[in-house]
Amino acid sequence: MSEQKMIYRSRVSDTHSFARTGTLSLNGIEIPTPVFMPVGTRGAVKSLDSDDIDELGYELILGNTYHLYLRPGTEVLEKFGGLKNFVSYKKALLTDSGGFQVFSLNSLVKFKQEGVEFRSHIDGSPHFFTPQKVIDIQRAIGSDIMMVLDDCPPGDGTVSRIKDALDRTHRWAEEAVNYWEKDKRNQFLFGIFQGGTNLDLRLESLDKIRSLPFSGIAIGGLSVGEPRPDFIRTMEGISSYTDRTRPLYLMGVGTVPDILEGVRNGVDMFDCVLPTRNARNGQVFTSQGKVNLRNEKWKLREEPMDPECECKVCKRYSIGYIRHLHHVKELSAFSLSTYHNLHFMKKFMKELRHSIEVGNFSEFFVKWKNLYERPEISR
């Protein structure tokens, strides 16, 4: 069994909640937490290139095992020496196991003792994922952080379905740990606990995943369609039971209100497609709240999208012009709005960390929660 350096160091904890700051250490790359990870599902953050990501200062992004396995495939990834070489990105990479995509993109999933059988959503070809194969794929990708194969039940899943998911998730977690520990290759492995919004099953799953020697622990199967009060209740119910010596990752969650709730309950890592997807659909995030760029009221406005933003887009272009680009469906509308949204997320997370360090996270929480629970700003 090879030894690895500690992946996480906690620095400052909030006195009124479970919020904390820390540092992820990933093969020489130091990443302050809480951190938001942009999603580059197929090896690219949509509408941006690696120069943009470097310029924005992101040192940890996410790719997806399911999609990268299907295209470009492990043959290409191995030829190029991993995804980071393939896309010319030199910082840190986390890859989801692809389990969520297997279940969400396929109607003909068959569970077996060893893994899960599914068909490609691209051409219908048959495939089979096991805990070991998912790690092998992520080894070909060259992830710094790999996720285990798990069974993510739907948000409205029955207790019986959730219990079945726990059984598979726990069994596959043990197999994945045993396989990974034989050859770690400077890659860290995170376990995932499930349980839907059933707190008893959540804590049962957390207890099992905590008992295994994972580098970090992830909360799976939240924000998958459950009512928001159930999301908050579940996060609050597990917060005092999580392992404070390892990073905690809330998978697939990254709106401003959800990040605030996650951090308040001890989460260190977030990822979400919404900042980039919403940008392509004409919604940008600002210091004053959300802005719908397709709204007619911005047509003649000469100010930037966010007067307080220092990104290159806001420094150069008016909100009236960016609205025009979306209105006529110019491709630059996607890249300019996406760049701005990711700049906003980077700055927001930096200010969030600072609020914890100086002891005013509670005020920060209330301010931003109020701003982002409104439909849209009015100027």
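Details of the structure are given in the entry above.
The structure reproduced in this document is the subject of the present report. (Residues numbered from 1 in each chain as written. Predicted model: local features only at pLDDT ≥ 70, side-chain atom pairs only at ≥ 80, totals over all residues. Heavy atoms only, no water.)

1. Quick word on the environment of phenylalanine 193
Let me state the cut-off plainly: To qualify as a helix, a DSSP run of H or I must reach at least 4 residues; to qualify as a strand, a run of E must reach at least 2; elements of each kind are numbered from the N terminus. For every residue, the accessible area (1.4 Å probe, protein chains only) is compared with the maximum for its type, and the residue is labelled buried under 20%, exposed over 50%, or partly exposed between those bounds. Contacts are assigned to residue pairs with any non-hydrogen atoms lying within 4.5 Å of each other.
Relative to the helices and strands, phenylalanine 193 is located in strand 11 (residues 188-193). What makes phenylalanine 193 buried here is its relative accessible area of 0%. For the pair formed by phenylalanine 193 and histidine 170, sequence separation is 23 residues and the distance between their alpha carbons is 8.1 Å. Residues within four places of phenylalanine 193 in sequence aside, it is in contact with Arg202, Ser205, Leu206, Ile209, Ile217, Ala218, Ile219, Gly220 and Ile238.

2. Details of the pairing of strand 1 (residues 8-13)
Basically, it comes down to this: In this analysis, strands are considered paired if DSSP registers two or more bridges between them.
Bridging between strand 1 and strand 2 (residues 20-26) involves 5 bridges; their strand directions are antiparallel. Bridge pairing in strand 2 places serine 10 opposite glycine 22. Once strand 1 ends, the chain turns through 6 residues before running back antiparallel as strand 2.

3. Thoughts on the packing of aromatic side chains
To keep it simple, the criterion reads: Each pair of aromatic rings taken from Phe, Tyr and Trp, with Trp reduced to its six-membered ring, is defined by centres within 6.5 Å and is described as stacked if the planes are under 30 degrees apart, edge-to-face if over 60, and tilted in the remaining cases. In this analysis the charged atom, NZ for Lys or CZ for Arg, is taken to sit over a ring once it is within 6 Å of the ring centre and within 35 degrees of the ring normal.
Per the stated rule, a full pass over the model turns up 15 aromatic pairs. Where tyrosine 66 meets phenylalanine 118, the ring centres are 5.7 Å apart and the plane angle is 45°; that geometry is what we call tilted. Residue tyrosine 66 is located in helix 2 (residues 65-70), and its partner phenylalanine 118 is located in strand 8 (residues 116-119); the two are separated by 52 residues in the primary sequence. Judged by relative accessible area, which is 0%, tyrosine 66 ranks as buried. Taking relative accessible area as the criterion, phenylalanine 118 reaches 1% and is therefore assigned buried. With 6.0 Å between their ring centres and 45° between their planes, phenylalanine 364 and tryptophan 368 make a pair best called tilted. One end of the pair, phenylalanine 364, and the other, tryptophan 368, are both in helix 15 (residues 361-372), 4 residues apart, so they sit about a helical turn from each other. Under the relative-accessibility criterion, phenylalanine 364 is labelled buried at 10%. Feature note: the residues Phe285, Phe344, Phe348, Phe364, Trp368 and Tyr372 constitute an aromatic cluster, connected by ring pairs. One cation-aromatic arrangement involves lysine 312 over tyrosine 339; the distance from NZ or CZ to the ring centre is 4.5 Å.

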